[in-house]
2 protein chains.
Amino acid sequence: MIAEERLYKYAKLLVGTGCALKKGQPVLISAPVEIAPFVRLAAKAAWELGAGDVTVQWSDPEVDRLRYVSGDAALFDTTPAWEVTLLETAAEKGAAVLRLGGGMFGMEGVDPKRMTAKMRAGRRDCPKFNAGLGKGSTTRCGAGVPTAAWAKKVFPDLPEAEAIDQLWEAILKVARADGPDPAQAWADHAASFQRRIGLLTARQFDTVHYTAANGTDLTVGLLPNHRWHGGGIDNEDGVYYFPNVPTEEIFTSPDRRRTRGVVHASLPLSYQGEMIRDFWLKFEEGKVVDFGAAAGEEKLRSIIEADDSSCYLGEAALVPQSSPISQLGLLFYSTLYDENAACHLALGRCYPFCLEGGNQMSEEELKAHHLNISAVHCDFMIGTADMAVTGILPDGTEVPIFKDGDWTGEFV
Amino acid sequence: MIAEERLYKYAKLLVGTGCALKKGQPVLISAPVEIAPFVRLAAKAAWELGAGDVTVQWSDPEVDRLRYVSGDAALFDTTPAWEVTLLETAAEKGAAVLRLGGGMFGMEGVDPKRMTAKMRAGRRDCPKFNAGLGKGSTTRCGAGVPTAAWAKKVFPDLPEAEAIDQLWEAILKVARADGPDPAQAWADHAASFQRRIGLLTARQFDTVHYTAANGTDLTVGLLPNHRWHGGGIDNEDGVYYFPNVPTEEIFTSPDRRRTRGVVHASLPLSYQGEMIRDFWLKFEEGKVVDFGAAAGEEKLRSIIEADDSSCYLGEAALVPQSSPISQLGLLFYSTLYDENAACHLALGRCYPFCLEGGNQMSEEELKAHHLNISAVHCDFMIGTADMAVTGILPDGTEVPIFKDGDWTGEFV
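Here the structure is a predicted model, which is why all the values come from computation and not from measurement. (Residues numbered from 1 in each chain as written. Chains lettered and ligands numbered in written order. Predicted model: local features only at pLDDT ≥ 70, side-chain atom pairs only at ≥ 80, totals over all residues. Heavy atoms only, no water.)

(A) Main features of the pairing of strand E12 (residues 259-264) of chain A. Residues and elements named next belong to chain A. By the bridge criterion, four bridges tie strand E6 (residues 217-221) to E12 in an arrangement that is antiparallel. Each bridged residue has a counterpart across the sheet, and for aspartate 217 the counterpart in E12 is valine 262. Looking at chain direction, E12 and strand E14 (residues 274-284) are connected through four bridges and run antiparallel. Within the sheet, the bridge partner assigned to glycine 261 lies in E14 and is phenylalanine 283. (Pairing = 2+ DSSP bridges. Helix = DSSP H or I, 4+ residues; strand = E, 2+ residues; numbered from the N terminus.)

Below is the structure:
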């Protein structure tokens with residue numbers, strides 16, 4: 001058992017630093033019922049830090065699974081009215097959003113089309129909420145809390161209680177939540193991001209070129225006036241918050257028309273409860289034109305074909321092999337963690353704020369600027385210990401960014 | 001550990017017989033997160049019995065308590081918008097409502113005014129949902145599922161896991177859920193109710209007179225065209241369902257103007273997490289004009305003074321000492337169970353269907369017919385082993401109903 005005092009420190013970090021809660025601001029916590037003990041600590045932390053109200057949106061994977069396998073298909077084409085009200089009201093009131101949990105397990109046998117339909121409906125039916133998340137105007141934080149299924153996935157050989165404790169130890173460590181002053185640790189972490197972001201954005205690379213011995217040879221085109229981000233982010237009121245705890249990545253959103261070449265995944269992808277292994281994607285003019293997987297190929301297809309734009313990239317992110325999560329050498333089976341262990345890409349939705357002025361643009365304007373708009377945003381890992389990443393300037397000059405899987409040159 | 005098979009049988013009884021679920025009908029389950037394992041069984045049963053959809057309204061007493069003690073008082077004057085949407089949509093769609101749980105514990109230190117304000121707001125803000133429950137047009141079932149706090153209250157000397165198992169045993173027994181065919185057991189149970197209800201309603205007593213050696217000497221006036229109810233009830237579509245599992249009571253709603261005398265509680269009352277003990281009420285012209293309690297007197301006052309009408313009676317119910325729950329001799333600290341162990345009264349809201357045509361009346365019309373309308377409906381036990389209940393006809397004829405705490409004469 002992890003001491004409650006350590007967990008409460010983590011809860012305060014997530015609410016105070018992750019969500020950057022302001023006095024009087026409402027908080028919406030979404031969490032599976034299984035982690036109720038930690039949710040109570042998070043609610044307590046929120047009230048202690050001055051929350052105006054605390055609402056919990058509970059969920060349960062088994063109740064969800066039963067609905068997916070037993071309900072009519074039409075159920076997943078619309079978002080339940082109460083959920084629309086909950087999320088849209090939260091957006092209207094400027095609530096901070098704290099998403100807690102540990103990946104989605106136990107969804108084997110569920111038709112992926114239903115999950116995709118539900119996700120698409122959610123995006124359509126809750127425009128204010130999704131706009132707030134997409135543009136970064138909603139202060140929010142996603143963070144891991146062990147569930148039994150997740151812990152057993154990460155530590156299959158340990159008894160359940162021990163697996164949960166071990167996963168907690170890993171989570172608290174990579175969240176920088178265990179030291180004497182977690183808030184200060186995160187301020188230091190943020191400063192190191194700022195330097196590299198500044199350098200990368202100032203370079204205004206035309207393309208970024210990835211190569212690795214596994215066959216990856218991919219060129220990703222960037223847009224004029226693109227911006228790199230990482231660490232925390234400012235919302236419209238200048239509140240600096242951390243959308244993810246932990247976070248180690250520096251990322252931008254590419255020109256959706258200009259990705260070409262082949263990329264091999266370097267880690268399995270856990271998506272909607274299923275594992276996709278040893279997969280590759282081939283791009284032409286930004287679009288996936290071919291793909292393959294040793295396992296989970298149909299699930300991979302469901303992502304690529306989820307909508308018209310889920311076959312284009314929405315994100316390209318750099319993570320060095322020296323990141324604490326990478327060093328831990330633990331596969332978390334959770335994007336939140338695993339994406340911070342290796343360079344990655346995402347199929348689907350862009351981050352509008354990765355384009356200068358993008359937050360002020362409508363979806364139509366973003367499309368016109370060649371950013372990708374989709375209901376999907378699915379990260380997958382491509383980073384390897386031998387990966388090289390090179391930035392190419394409009395004049396053809398090559399600037400090394402990564403060598404042997406880590407920062408090089410001016411970016412060290 | 002209780003075998004899952006037994007629990008699933010109970011779940012099916014609650015959905016199939018309790019809620020009388022129809023094919024395609026949506027189900028709304030409300031439950032604390034702690035009992036998620038049973039909620040999953042109930043959801044499974046609902047889908048198996050043909051539910052059109054299953055929604056769970058989760059809650060957590062500790063999250064609620066933190067809000068009560070930390071939030072601004074104004075938070076409790078309105079119902080959160082998502083909750084209004086959830087309940088009103090359920091009413092519009094004709095959802096069956098299954099309320100699971102085990103009383104409210106751990107609310108010590110919470111200002112009862114806030115709880116009352118929240119209850120009052122809920123009644124005002126969700127008119128369709130409350131009308132459906134009040135008139136009985138919504139098929140619904142409230143039933144017990146052990147929580148740790150509840151089990152330890154009932155069996156304070158047992159270890160937690162054992163207390164929960166013992167409470168399950170008691171619940172399954174009094175719910176008639178453990179036999180070979182629970183649905184048939186409930187059909188038989190219903191038939192025995194029908195006979196007594198028919199006799200009592202046919203008599204059209206003018207008043208009912210309660211006496212016991214503890215000092216109770218109370219006369220409750222009934223209305224012309226009153227009806228007695230008990231067991232299940234028909235909704236507007238003629239669907240017979242059981243609002244409570246278990247249920248042993250036969251009840252009506254009195255003339256709010258004509259209760260007089262003194263009544264002593266025969267069991268402690270657990271209300272909003274606090275115990276009210278050894279209390280009495282004195283009535284004149286229907287209204288509580290004096291009261292006292294050995295413990296919890298302020299909580300009792302908060303009920304009586306909750307609104308203008310919570311000092312009048314809304315229900316008078318007959319339960320024999322021979323009822324299985326009474327025979328079990330276990331104080332459940334839960335109205336659902338304890339009210340089925342003894343004759344009881346309720347302060348506050350009437351049941352409109354206890355007056356001929358009452359379901360078709362507006363609140364104003366119900367008031368004009370001298371039924372009581374209030375945001376409160378609070379049951380308290382008055383039955384004793386020596387209780388006598390006599391029905392008095394308009395011409396003064398006395399008809400014995402109960403003698404020594406049990407049915408007598410034509411009602412045996």
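(B) A look at the packing of aromatic side chains. In this structure the tally under the stated criterion is 29 aromatic pairs over all chains. Ring plane angle 20° and centroid distance 5.0 Å describe the contact between A:Tyr68 and A:Phe76, whose orientation is recorded as stacked. Taken as a pair, A:Tyr68 and A:Phe76 share a single burial class, namely buried. Relative to B:Phe242, the ring of B:Tyr240 has its centre 5.3 Å away and its plane inclined at 80°; by these criteria the two rings are edge-to-face. These aromatic residues form a ring-pair network of at least three members: A:Tyr10, A:Phe38 and A:Trp168. (Phe/Tyr/Trp six-rings, centres within 6.5 Å; stacked < 30°, edge-to-face > 60°. Buried < 20%, exposed > 50% of the residue type's maximum accessible area, 1.4 Å probe, protein only.)

(C) Layout of the packing of helix H1 (residues 4-18) of chain A against helix H2 (residues 36-48) of chain A. Residues and elements named next belong to chain A. One can describe the packing of H1 onto H2 by two numbers: an axis separation of 8 Å at closest approach and a directional angle of 55°. For the element pair H1 / H2, the angle class is oblique. Like other packed secondary-structure pairs, H1 and H2 cross with a definite hand, here right-handed. Only Phe38, Leu41, Ala42, Lys44, Ala45, Ala46 and Glu48 of H2 make contact with H1, whose side of the interface consists of Glu4, Leu7, Tyr8, Tyr10, Ala11, Lys12, Leu14 and Val15. Taken together, the residues of the contact of H1 with H2 sort by class into 11 nonpolar, no polar and four charged. (Axes fitted to C-alpha atoms, helices over the stretch in contact; angles between N-to-C directions. Parallel < 35°, antiparallel > 145°, perpendicular 65-115°, else oblique. Left-handed = near helix turned anticlockwise from the far one by under 90°. Contact = heavy atoms within 4.5 Å. Nonpolar A, V, L, I, M, F, W, Y, C, P; charged D, E, K, R; others polar.)

(D) Main features of the relation of the copies chain A and chain B. Laying chain A over chain B is done by rotating through 180° and shifting 0.0 Å along the axis; what remains is an RMSD of 0.0 Å. Considering both components of the superposition, the chain copies are consistent with a two-fold axis. Here 100% of the interface residues in chain A have copies in chain B that are interface residues too; the copies meet face to matching face. (Least-squares fit on C-alpha atoms with pLDDT ≥ 70 in both.)

(E) Highlighting the side chain of B:Ser323. All names here are of chain B. With respect to the secondary-structure elements, serine 323 resides in the loop between strand E16 (313-318) and helix H11 (324-328). Within the structure, serine 323 has its side chain in polar contact with the backbone oxygen of asparagine 340 (distance 2.8 Å). Once you skip the residues sitting within four places of it in the chain, serine 323 turns out to touch Glu248, Asn340 and Ala341. (Polar contact = N/O pair within 3.5 Å; in protein donor to acceptor, adjacent residues only side chain to side chain.)

(F) View of the sheet that holds E16(B). All names here are of chain B. As summarised here, the arrangement of the five strands in space is E7-E11-E16-E17-E18, forming an open sheet in which the pairing is antiparallel. Edge positions in the open sheet fall to strand E7 (229-230) and strand E18 (377-381), since each of these has one partner strand only. Inspection of the sheet shows E7 paired to strand E11 (residues 250-252) by two bridges, in the antiparallel sense. What sits directly across from histidine 229, in E11, is phenylalanine 251. Sheet strands in contact with helix H9 (residues 182-203) are E7, E11 and E16, and its direction is about 35° off that of E11.

(G) Molecular detail of unusual backbone geometry. Each neighbour pair has its own omega, and for A:Val245 with A:Pro246 the value is 5°, a cis peptide bond. Looking at where A:Pro246 falls in the secondary structure, it is placed in the loop between strand E10 (244-245) and strand E11 (250-252). With a phi close to 55°, A:Tyr333 is a non-glycine residue in the positive phi region. Taking relative accessible area as the criterion, A:Tyr333 reaches 17% and is therefore assigned buried. The backbone phi angle of B:Arg176 is positive, close to 50°, even though this residue is not glycine. Looking at the secondary structure, you find B:Arg176 in the loop between helix H8 (160-174) and H9. Accessibility expressed as a relative area gives 25% for B:Arg176, which makes it partly exposed.

(H) Main features of the interface of chain A and chain B. Contact with chain A, which involves 26 residues of that partner, is made by 26 residues of chain B. Of the roughly 2300 Å² buried between chain A and chain B on both sides combined, carbon and sulfur atoms contribute 74%. Joining chain A to chain B, the criterion identifies four salt bridges. Notably, a salt bridge pairs B:Arg67 with A:Asp53, separated by 2.8 Å at the nearest N-O pair. No other element matches the six residues that strand E2 (residues 53-59) of chain A contributes to the side of chain A that touches chain B. Tallied by class, residues from the side of chain A that touches chain B come to 13 nonpolar, seven polar and six charged. (Buried area = accessible area lost by both parts, 1.4 Å probe. Salt bridge = Lys/Arg side-chain N within 4 Å of Asp/Glu carboxyl O.)

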